[in-house]
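Coordinates in review
Each chain is listed here by its residues.
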Amino acid sequence: GSMERTDRQQTVRRAFDLLARQLTPIDQVTLISFARQPRLLADKVSGAESGQLVSLIDELPSEGGTNIEAALVRVNGVCAHVCAQAHRPRRHRTH
């Protein structure tokens, strides 16, 4: 697969390490991997817990082909869910 080369894996790890250092506690990251099939690895991880992202990348195996179409469909579903939640009317408590 495209990520079997060690230099590519190291590049992705460095990129996530850089991202993790720049996140703030209010940031949230959702991580979807894709090879043969997309997998949701992390959902709305807080910037305060960003070290988890680097650990996930370190543990991610390099698998066969790159199924970008299925990954984009999965991303679209995650984004639609997040947008629906963000635009849902919130009930306010009255005292």
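Parameters and conventions
Residues numbered from 1 in each chain as written. Predicted model: local features only at pLDDT ≥ 70, side-chain atom pairs only at ≥ 80, totals over all residues. Heavy atoms only, no water. pLDDT = per-residue confidence, 0-100. Helix = DSSP H or I, 4+ residues; strand = E, 2+ residues; numbered from the N terminus. Buried < 20%, exposed > 50% of the residue type's maximum accessible area, 1.4 Å probe, protein only. Arc of directions from axis to C-beta. Core = buried A, V, L, I, M, F, W, Y, C linked by side-chain atoms within 4.5 Å.

**A few points about the confidence of the model for the protein chain**
Across the protein chain, the average pLDDT comes to 77, with 75% of residues at or above 70. Within the protein chain, strand 2 (residues 38–46) carries the highest mean pLDDT (85), whereas helix 3 (residues 68–86) carries the lowest (73).

**Some thoughts on unusual backbone geometry**
Unusually for a residue other than glycine, K44 sits at a positive phi of about 55°. Tracing the backbone shows K44 in strand 2.

**Some details on helix 2 (residues 51–59)**
If you check which residues of helix 2 are buried, you get L53, V54 and I57. Projection of helix 2 onto a plane perpendicular to its axis shows the buried side chains occupying an angular sector of 100°, all on one side.

**Here's the deal with the nonpolar core**
Listed in full, the eight residues of the largest apolar core are F16, L23, V29, L31, A42, V45, L53 and I57. Going through the elements one at a time, strand 1 (28–34), strand 2 and helix 2 are the ones with two or more residues in this core.

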